[in-house]
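Listed below, chain by chain, are the residues.
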Amino acid sequence: MSVLFVHSHYGPIPKAMVGPAGRGRIEIVRDTELTDAKIISAKGIVTTTHLDQIGFAGHKQALADFFADGGRLFFNGHILKPFVDGLQAYRPLQSRKLADLQLARLSPHPVFGDIDPADMAVRKGVAGFYGRGHNPLPKGARALTGIGPLKEPIDWEWALPNGGMMFCHAGNDLWSMAPEGSDGAGAFATRIVDWTWGGLKGVAA
Amino acid sequence: MSILAIHPGAYYHIETLEGARYQGMFDALVRPEELGDVDLAAFDAILVPCRTPADRMTPHKAKLAAFLDAGGTVIATGESESQLWLPGISFSSQDTNFWWWLTPGADLGVRIAKPEHPLFQRLEQRDLTWHLHGWFEAPEGAEVLAVNGAGKPILYIDEVTTGGQMILTTLDPFYHHGSHFMPATTRFLDGFLPWIRETFAATAVESA
């Protein structure tokens, strides 16, 4: 059993994932080489913002089997090709002024450690890198981080009705959002991989 | 005769290629892995959007070269390592300064090099200005349309390397428009895609 890191872009894997890869905590697989058999046999899957969603959605039945077997998926990006029943397409913010891009913790989660969401909302005084919209909350999912005055769920965790779990971040890869002065992208990535293995307990019912 | 766009399937490709704003700009979409099965004689131009993984294009290098030599046009935007799958491209990458505009009065340095070109009836300098990932050394005889602060090409048309033409830029508008980030990238596509359409497709359409 392994946690697959689906490597979608051309070039090296993200720096934050070099450590987990070196420790054998993730198995790198190009998304073009992802197969139903690899998905079904995996303990967990981590995908990036560059995921080939058309290809990924082509594995819908294998993903359903993966979840039913207790698999965990850590997803980054905008869902535009829903690959599991219950997901809906990404909704961008209609207004993207500074106030619209503020973040609020709606529920604590071990993946975030002690990172304050306010510290991830702004980088060098500029907001918007964390995300600019949300993937709608599936029925029964728990919102973790809200964006804007309406606190729309930009991060959520979902215990799927037939088993398995999904963590969803509707923006750039979450490990790259570690604020300067925090425990850094490497520690963030380690917690994300730990969660995907099942080593960090989820908070969704 | 029409435009074929490569569709690598990331969310920003889906948003830009399939979304209502630009979907009418492309006559057909094809996955990189299916390009080998397509009769390219049916198309005038092939568009390869930003951040198309190069290893998904390199298997088609010979087919693209043959398409160009038969008089076809290939358009490739940035961060797709086009030098690995198109002929005669010399590209240098650079560290990207995403923050240049925070300094009052700062100038990224992008300049329109040939203002009389028809593309610039649709685009202003500010529509090409967000950030830079690199530059080209254009071949002698190429038509350089825009340059960086050092005068190096970031957008040019090459009608000398092959029997057809290549329109190449280091700019990455598909990625940022598709991410709902950086309005200049949307303004760029609002001008660039209708110009492509007007130039290479039989039926011109206006952007939404």
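A. Representation of the overall build of chain B. Helix and strand counts for chain B come out as four helices and 10 strands. Here the C-alpha radius of gyration of chain B, 16 Å, is about what a compact globule of 208 residues would show, namely 17 Å. Taking the principal axes of its C-alpha atoms as reference, chain B extends roughly 50 × 40 × 35 Å. The proportion of buried residues among the 208 residues of chain B is 46%.

B. Spotlight on the sheet that holds strand S4 (residues 73–76) of chain B. All names here are of chain B. On the basis of which strands lie adjacent, the open sheet formed by eight strands has the order S2-S1-S3-S4-S10-S9-S8-S6 and mixed pairing. Pairing within the sheet leaves two strands with one partner each, and these edge strands are strand S2 (28–30) and strand S6 (111–112). Looking at chain direction, S6 and strand S8 (residues 143–147) are connected through two bridges and run antiparallel. Across the sheet, the residue bridging to isoleucine 112 is alanine 146, located in S8. Contacts between helix H4 (residues 183–200) and the sheet are confined to strand S1 (3–6), strand S3 (45–48) and S4, with S1 contributing the most and set at about 140° to the helix.

C. Focus on the confidence of the model for chain B. Residues and elements named next belong to chain B. Summary statistics for chain B give a mean pLDDT of 94 and a share of 96% for residues scoring 70 or more. Here residues 203–208 is modelled with pLDDT under 50, and outside its nearest four sequence neighbours on either side it reaches 13 contacts, counting other chains as well. Reported for the predicted complex are a pTM of 0.96 and an ipTM of 0.96.

D. Examining helix H1 (residues 11–18) of chain B more closely. Along H1 of chain B, seven of the eight residues are buried, which leaves the element largely enclosed by surrounding structure. Buried-residue contacts for H1 of chain B involve helix H3 (53–57) of chain A together with S1, S2 and helix H3 (173–178) of chain B.

E. Region of interest: the interface of chain A and chain B. Taken together, the contact pairs 20 residues of chain A with 17 residues of chain B. Looking at the side of chain A that touches chain B, the element that brings in the most residues is H3 of chain A, giving three residues. Among the residues making up the side of chain A that touches chain B, the classes are represented as five nonpolar, 11 polar and four charged.

Calculation rules
- Residues numbered from 1 in each chain as written.
- Chains lettered and ligands numbered in written order.
- Predicted model: local features only at pLDDT ≥ 70, side-chain atom pairs only at ≥ 80, totals over all residues.
- Helix = DSSP H or I, 4+ residues; strand = E, 2+ residues; numbered from the N terminus.
- Rg over C-alpha atoms; globule rule 2.2 N^0.38 Å.
- Buried ≥ 20, exposed ≤ 12 C-beta atoms within 10 Å, placed from the backbone.
- Pairing = 2+ DSSP bridges.
- Contact = placed C-beta atoms within 7 Å.
- Axes fitted to C-alpha atoms, helices over the stretch in contact; angles between N-to-C directions.
- pLDDT = per-residue confidence, 0-100.
- Nonpolar A, V, L, I, M, F, W, Y, C, P; charged D, E, K, R; others polar.

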